[in-house]
Amino acid sequence: MSNQLLKGKRGIIFGALNESSLAWDAAKEVKKEGGSFVLSNTALAIRFGKVNQLSEECNSKVIAADVTSIDDLSNLLNQAMEILGGKLDFILHSVGMSRNVVKKREYYDLDYNDFIEALDISALSLHKLLQSAMKLDALNEYASVVTLSYIGAQRVFFTYSDMSQAKAMLESIVRSFGYHYGSQKKVRINSVSQSPTRTTAGKGIRGFDSFYHFADKMSPLGNASSNDCAKFIITLFSDYTRMVTMQTIYHDGGFSSTGISKEVLSNYRPGCTCFVHDQGEE
Ligand code: NAI
């Protein structure tokens, strides 16, 4: 069912790689709610992923941009305004990558070039995007920018590695830029801290299956799915949340407020090294 909550709104959606991407479901939901948008990803992801298939389904153009490049971002913002016929009302920044995570390096043995790259792609890129948008005056009043975060910004998930710092920085940029963009142009900026979700990036984290199941059993509502996340993003893009900004909002079925759940406790066997779920992962 559609309520046309985004009718007449224009935007950019970053980060749809394939059907499992959080941005994929978000794009389909935005389309259903009447929004029009341009899709963006790296040239490589466009070539090897399925963005073009999504663009056909959503009747939207695809523009390549590396989020670490200010030239690419400025070009994308200009082209999006031209294609969509005016300033933008929403942006979804659904981007993250850490080679240290991909290479499964221990936190005390990280490659620093990869660490800096992870911060650049996963966090600083939001600042670059917002600064470019501000300089080009690309966003309408009360436009809504949403990025995706994870509770690893606040707590240690021992294989989340340098992405913990990237997410902490990302959430801090949400607050700082949210203040400046809000007071100058009434643009709002929020991050959604999402449950573990089986996406390409998610599954690249060592032990992902175990902490997916652990989170599911810790959360009174269970893990939030990608489709749930998409629906929540719609509310943040809509006019119903006009006064919400600079927040990290937990979209996690209650995980972040739970200390220990009955489900987890009843699966714990003292003296046993396996806990809740064990698929023989490291
Ligand atoms: P995904 O792998 O489908 O999406 C990540 C996207 O980032 C890909 O489309 C990739 O091409 C893009 N990307 C990487 N480097 C880029 C660059 N230099 N320029 C432009 N785009 C680039 O995985 P997912 O899970 O949908 O990730 C989206 C966001 O959600 C990320 O920020 C991730 O950290 C966050 N998130 C994911 C969770 C999960 O469990 N999957 C949980 C909480 C947050």
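Preceding block: the structure.
A brief structural summary. Computed from a predicted model, the values in this text were never measured in an experiment. (Residues numbered from 1 in each chain as written. Predicted model: local features only at pLDDT ≥ 70, side-chain atom pairs only at ≥ 80, totals over all residues.)

1. Things to note about the overall build of the chain
No. 1: When helices and strands are tallied, the chain shows 11 helices and 7 strands.
No. 2: Its C-alpha atoms give the chain principal-axis dimensions of about 65 × 45 × 40 Å.
No. 3: The burial tally for the chain puts 44% of its 282 residues in the buried class.
No. 4: For the chain, long-range pairs separated by at least 24 residues make up 74% of all intrachain contacts whose partners lie at least 6 apart in sequence. (Helix = DSSP H or I, 4+ residues; strand = E, 2+ residues; numbered from the N terminus. Buried ≥ 20, exposed ≤ 12 C-beta atoms within 10 Å, placed from the backbone. Contact = placed C-beta atoms within 7 Å.)

2. Digging into helix α1 (residues 22-32)
No. 1: The buried count for α1 comes to 8 of 11 residues, which makes it a mostly enclosed element.
No. 2: Among the residues making up α1, those that are buried are Leu22, Ala23, Trp24, Asp25, Ala26, Ala27, Glu29 and Val30.
No. 3: One or two steps after α1, the chain reaches Gly34, where phi turns positive at roughly 95 degrees.

3. Focus: the pairing of strand β6 (residues 188-194)
No. 1: Counting buried positions over the 7 residues of β6 gives 7, a clear majority of the element.
No. 2: Neither face of β6 is left uncovered, since the one carrying Arg188, Asn190, Val192 and Gln194 and the one carrying Ile189, Ser191 and Ser193 both have all their residues buried.
No. 3: In this sheet, β6 lies alongside strand β5 (residues 139-149) in parallel orientation, the contact comprising 6 bridges. Within the sheet, the bridge partner assigned to Val145 lies in β6 and is Ile189.
No. 4: On the question of chirality, the crossover connecting β5 to the parallel β6 by way of helix α7 (residues 163-185) is right-handed.
No. 5: Where β6 and strand β7 (residues 248-251) come together, 4 bridges link them in parallel fashion. Its bridge partner lying in β7, Gln194 is registered against His251. (Pairing = 2+ DSSP bridges. Right-handed = clockwise from strand over helix to strand, strands pointing away.)

4. Details of the pairing of strand β2 (residues 36-41)
No. 1: Of all the 6 residues making up β2, 6 are buried; the element is thus mostly covered by neighbouring parts of the structure.
No. 2: Burial of the side chains of β2 extends over both faces: Ser36, Val38 and Ser40 are buried on one face and Phe37, Leu39 and Asn41 on the other.
No. 3: Of the strand pairs in this sheet, strand β1 (residues 10-14) and β2 are connected by 5 bridges, and their pairing is parallel. Within the sheet, the bridge partner assigned to Ile12 lies in β2 and is Val38.
No. 4: Handedness of the β1-α1-β2 crossover: right-handed.
No. 5: Note: β2 against strand β3 (residues 62-64), 3 bridges, orientation parallel. Its bridge partner lying in β3, Asn41 is registered against Ala64.

5. Looking at the sheet that holds β6
No. 1: The parallel open sheet is built from 7 strands, whose spatial order is β3-β2-β1-β4-β5-β6-β7. Both outer strands of the open sheet, β3 and β7, are each paired with one neighbouring strand and no more. Direction aside, neighbouring strands of the sheet carry axes that sit 20 degrees apart on average. (Axes fitted to C-alpha atoms, helices over the stretch in contact; angles between N-to-C directions.)

6. Things to note about unusual backbone geometry
No. 1: Of note in the backbone geometry, Lys104 takes a positive phi value of approximately 55 degrees without being a glycine.
No. 2: Within the secondary structure, Lys104 is located in the loop between α5 (99-102) and α6 (112-135).
No. 3: Residues other than glycine seldom take positive phi values, yet Asp137 does so here, at roughly 50 degrees.
No. 4: Within the secondary structure, Asp137 is located in the loop between α6 and β5.
No. 5: Under the C-beta neighbour-count criterion, Asp137 is labelled exposed, with 11 such atoms within 10 Å.

7. A word on the environment of Tyr250
No. 1: By secondary structure assignment, the location of Tyr250 is in strand β7.
No. 2: C-beta crowding within 10 Å serves as the criterion here: with 19 such atoms nearby, Tyr250 is assigned to the partly exposed category.
No. 3: On a C-alpha basis, the gap between Tyr250 and Ser191 in space is 8.6 Å, while along the polypeptide they are 59 residues apart.
No. 4: When sequence neighbours within four positions are dropped, the list of residues in contact with Tyr250 reads Ser193 and Ser256.

8. Let's talk about the nonpolar core
No. 1: Membership of the largest hydrophobic core comes to 65 residues, with the highest contact counts inside it found for Ile13, Ala27 and Ile233.
No. 2: With 7 residues, α7 is the largest single contributor of residues to this core.
No. 3: In this structure, Ala27 is in contact with Ile13, Ala16, Phe37, Leu39, Leu54 and Cys58, ignoring residues within four places of it in sequence.
No. 4: Counting residues in hydrophobic clusters, the runner-up holds 8 residues, among them Ala153, Phe211, Ala215 and Met218. (Core = buried A, V, L, I, M, F, W, Y, C linked by C-beta atoms within 7 Å.)

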